[in-house]
Amino acid sequence: MHEHPNFWRSVQAEFSSWRVWLDRAVVLAYAIAAGLLVVGFTVLSELAFGLFERVYHWNWWAVLLWTPAWTAAVVWLTRRHFPGAAGSGIPQVMTALEPSLPEAERGRFVSLRLTVAKVVLSSAALLAGLSVGREGPSVQVAAGVMQHARRWLRAGSGIDRHALLVAGGAAGIAAAFNAPLAGVVFAIEELSRKLESRNSGLIIAAIVLSGLMAVSAFGNLTYFGVIRVPRLGWDALLPGLLVTLVSAVLGGLFSRLLANSLIGRSPDRFSRWRARYPVRFAALGALAVAVIGCVTSGATFGAGSQEVKQMLAGEAHAPAFFVTLKFIATWLTAWCGVPGGIFAPSLSIGAGVGHNVALLTDAHLAPALIAMGMAAFLAAVTQAPLTSFIIVMEMVDGHAMVLSLMAAAMLASLVSRMLSRPLYGALSEHMLLSAGGQPSALRH
């Protein structure tokens, strides 16, 4: 029979080694630093996009030169000096977590150098007005900070690189979205697939501390405010199902299109031209994004968070074809190869689907349908339904919609799997193979 633990003996054992607590203190100090850096990233990116908006409102045609010029500069600098900073950042962290990745290659995907580059270059992408978000990049930013803690930990600390990368990536999500629960779920669903019991407490503490830095800077506010959830009865079933299925199909196609474009599977002349002249391709792609933005009176520029807030408040001025054009603008932006994420643009596309369906069916259901569209489209793109519905729930304080958001995310993810592989997994596998590693069985 197993003996019950002795309380005082357990306390004595826990505090017997000061070195253990020093190791833990180092990790938590780095978690605070990661959270503060994500806060700084948030401020810098908002200032950058604010400057772009000033240029756009000063003279709309100026962005037809401004956006391609900045994009070409960002892509040139990224490809020349920081190739590991391109794209979202989540696939890079997933690749760095792979055991088969050669040790010498890990710095290509996560490092302090890439962390700094990611902050600057992603902010520059928003300065160009491109359709990118900062939330995905925050994963790579925080992971780069956390993994640096290894140099201060003793060899027998039991805190390895894997635990630090998982903690950093999850802390980035928690701080970027002000959603600590989403950070924990993201760590399990996307990064580690499981949490080792010996480090789970420390990882969660790191996520909480990093999230607290965002709360300290911006207050305990939800990302999109608090939605007014209408009564959801049987009359909401068909509109909700329509939003979910449309978001699922669009998200699955978006994921497949992005994977084929970024990995280079498409044999078309544009992909060949992109491979041969990446900077010129980026400039032309950015020009197309600028034209789309001007056509929509600026609605498709940037992450799209302001448009989502206006939709939830019933004050949306975006055109009916916002969904289609935001879809194209986000795809072109990612195809250009700039550092930047797709989380926030995906949420705005899903919100647009919900808003359009509400206009066609029942405007009274608009807040609920918009939230369901966000959860469904994000789940379809990432095929991470738990993370998706929890992120949306925390962003809109939608606890009254837990079951609706969960159902929408689960169904959308299921439909998306019939159309596309998981986007981040496909991109990570491509990076891993290019670095000489072999994908693990968890990817298949």
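Structure report, in brief. Here the residue index of a chain counts from 1 through its sequence in written order. Given that this is a predicted model, residues contribute local features only at a pLDDT of at least 70 and side-chain atom pairs are listed and counted only at 80 or more, while totals for whole chains, interfaces and linings are drawn from all residues. Side-chain numbers here rest on the full set of heavy atoms in the structure, without hydrogens or water.

**Section: the overall build of the protein**
Now for step 1: The helix and strand labels rest on DSSP assignments: H or I over at least four residues marks a helix, E over at least two residues marks a strand, and numbering proceeds from the N terminus. Assigned secondary structure in the protein consists of 19 helices and zero strands.
Now for step 2: Think of it in three bands: residues with accessible area under 20% of the maximum for their type are buried, residues over 50% are exposed, and the middle band is partly exposed, with areas taken using a 1.4 Å probe on protein chains only. Residue burial in the protein is summarised as follows: out of 444 residues, 57% are buried.
Now for step 3: Where accessible areas are quoted, they stem from the Shrake-Rupley method and a 1.4 Å probe; at the residue level, only the protein chains shown are allowed to cover. Carbon and sulfur atoms form 65% of the exposed surface of the protein, whose accessible area is close to 19,300 Å².

**Here's the deal with helix 3 (residues 63-81)**
Now for step 1: To estimate the expected span of a helix, count its residues, drop one, and scale the result by 1.5 Å. Here helix 3 is 19 residues long and its end C-alpha atoms lie 26 Å apart, about the 27 Å a rise of 1.5 Å per residue gives.
Now for step 2: When helix 3 is considered as a whole, its buried residues turn out to be Val63, Thr67, Pro68, Thr71, Ala72, Val74, Val75 and Thr78.

**Focus: the packing of aromatic side chains**
Now for step 1: Each pair of aromatic rings taken from Phe, Tyr and Trp, with Trp reduced to its six-membered ring, is defined by centres within 6.5 Å and is described as stacked if the planes are under 30 degrees apart, edge-to-face if over 60, and tilted in the remaining cases. Taken as a whole and judged by the stated rule, the model has eleven aromatic pairs.
Now for step 2: Seen from their ring centres, Phe254 and Phe377 are 5.9 Å apart, and the 45 degrees between their planes marks the pair as tilted. Pair noted here: Phe254 is in helix 10 (residues 237-263) and Phe377 is in helix 16 (residues 366-382), with a separation of 123 residues, a long-range link. For the pair formed by Phe254 and Phe377, the shared burial category is buried.
Now for step 3: Look at Phe343 and Tyr424: their rings are 6.2 Å apart centre to centre, the planes differ by 20 degrees, and that puts the pair in the stacked class.

**Considering the layout of surface pockets**
Now for step 1: Here the term cavity refers to a set of points on a 1 Å grid, laid over the protein atoms alone, in which a 1.4 Å probe fits but cannot get out; the term pocket refers to an open set having protein on both sides within 12 Å along at least five of seven lines, with lining residues being those that place an atom within 4 Å of a point. Grid points are joined across faces, edges and corners, and a volume is the space filled by probe spheres set on the points. One number sums up the size of the largest pocket: a volume of about 970 Å³.
Now for step 2: Every residue lining the largest pocket is counted, 45 residues in all, and those nearest its centre are Pro83, Ala86, Leu262, Arg274 and Met431.
Now for step 3: For the lining of the largest pocket, the elements supplying multiple residues, two or more each, are helix 3, helix 4 (90-96), helix 5 (112-127), helix 10, helix 11 (269-276), helix 14 (322-336) and helix 19 (423-434).
Now for step 4: No other element matches helix 19, which puts six residues into the lining of the largest pocket.
Now for step 5: Polarity classes work like this: nonpolar for Ala, Val, Leu, Ile, Met, Phe, Trp, Tyr, Cys and Pro, charged for Asp, Glu, Lys and Arg, and polar for all others, with Gly in that last group. The residue inventory of the lining of the largest pocket, partitioned by class, reads 21 nonpolar, 19 polar and five charged.

**Quick notes on the environment of Ala29**
Now for step 1: On the secondary structure map, Ala29 appears in helix 2 (residues 18-58).
Now for step 2: When the C-alpha atoms of Ala29 and Leu209 are compared, they prove to be 8.9 Å apart, with 180 residues separating the residues in sequence.

**Overview of empty space enclosed by the protein**
Now for step 1: The final tally for this structure, using the stated rule, is two cavities of 30 Å³ or more.
Now for step 2: As a volume, the second largest cavity reaches approximately 40 Å³.
Now for step 3: Every residue along the wall of the second largest cavity is listed here: Phe186, Glu190, Phe343, Leu378, Thr382, Ala384, Thr387, Ser388 and Tyr424.
Now for step 4: Those elements that place two or more of their residues in the lining of the second largest cavity are helix 8 (180-192), helix 16 and helix 17 (385-396).
Now for step 5: A per-class count over the lining of the second largest cavity returns five nonpolar, three polar and one charged.

**Points about the packing of helix 5 against helix 6 (residues 135-147)**
Any two packed helices are characterised by how steeply their axes cross, that is the angle between the axes, and by the distance between the axes.
Now for step 1: Where helix 5 contacts helix 6, the two axes come as close as 8 Å, and the packing angle between them is 155 degrees. When the interaxial angle is binned, helix 5 and helix 6 end up roughly antiparallel. Handedness of the helix 5/helix 6 crossing: left-handed. Contacts between helix 5 and helix 6 involve Leu112, Leu114, Thr115, Lys118, Val119 and Ser122 from the first element and Pro137, Gln140, Val141, Gly144, Val145 and Gln147 from the second. Think of each axis as a best-fit line through the C-alpha atoms, taken over the contacting stretch in the case of a helix, with angles from 0 to 180 degrees between the N-to-C directions. Any angle from 65 to 115 degrees is called roughly perpendicular, while one under 35 is roughly parallel, one over 145 is roughly antiparallel, and all others are oblique. Left-handed is the label given to a crossing in which the near helix is rotated counterclockwise from the far helix by less than a right angle, and right-handed is the label when the rotation is clockwise. Note on contacts: a residue pair is in contact if any heavy atoms of the two residues lie within 4.5 Å.

**Focus: the pattern of salt bridges**
Now for step 1: Take a side-chain nitrogen of Lys or Arg and a carboxyl oxygen of Asp or Glu: if they are within 4 Å of each other, that pair is a salt bridge. Summed over the entire model, instances satisfying the criterion amount to five salt bridges.
Now for step 2: Two residues, Arg108 and Glu105, come together in a salt bridge whose shortest N-O distance is 2.8 Å.
Now for step 3: Overall, Arg108 belongs to the partly exposed group, its relative accessible area being 40%.
Now for step 4: Here Glu135 ties to Arg134 by a salt bridge, and the two come within 4.0 Å at their closest N and O atoms.
Now for step 5: On the basis of relative accessible area, Glu135 is assigned to the buried category, the value being 1%.
Now for step 6: Residue classification places Arg134 among the buried residues on the basis of a relative accessible area of 10%.
Now for step 7: Look at the salt bridges and you will find they share partners, linking Glu103, Arg106 and Arg161 into a network.

**Quick look at the nonpolar core**
Now for step 1: One finds Met146 and Leu405 to be the most contacted residues of the largest nonpolar core, which totals 138 residues.
Now for step 2: Apart from residues no more than four positions distant in its own chain, Met146 is found in contact with Val27, Tyr30, Ala31, Ala34, Leu164, Ala167, Gly168 and Ala206. Buried residues of nine kinds, namely Ala, Val, Leu, Ile, Met, Phe, Trp, Tyr and Cys, make up a nonpolar core once their side-chain atoms join them within 4.5 Å.

**Let's talk about the packing of helix 14 against helix 15 (residues 343-360)**
Now for step 1: Two numbers describe how helix 14 lies on helix 15: the axes approach to 9 Å, and their chain directions differ by 165 degrees. Between helix 14 and helix 15, the crossing angle belongs to the class labelled roughly antiparallel. Of the two possible hands of crossing, helix 14 and helix 15 adopt the one that is left-handed. Contacts between helix 14 and helix 15 involve Phe322, Val323, Lys326, Phe327 and Thr330 on the former and, on the latter, Pro345, Ser348, Ile349, Gly352, Val353 and Asn356.

**Observations regarding the side chain of Ser247**
Now for step 1: With respect to the helices, strands and loops of the structure, Ser247 is situated in helix 10.
Now for step 2: A 3.5 Å cut-off defines polar contacts: any pair of N or O atoms within that distance qualifies, except that in protein one atom must be a possible hydrogen donor and the other a possible acceptor, and neighbouring residues in sequence count only when both atoms are side-chain atoms. Reaching out from Ser247, the side chain makes a polar contact with the backbone oxygen of Val243 at a distance of 2.8 Å.
Now for step 3: With residues near it in sequence (within four places) discarded, Ser247 still touches Val353, Gly373, Ala376, Phe377 and Ala380.

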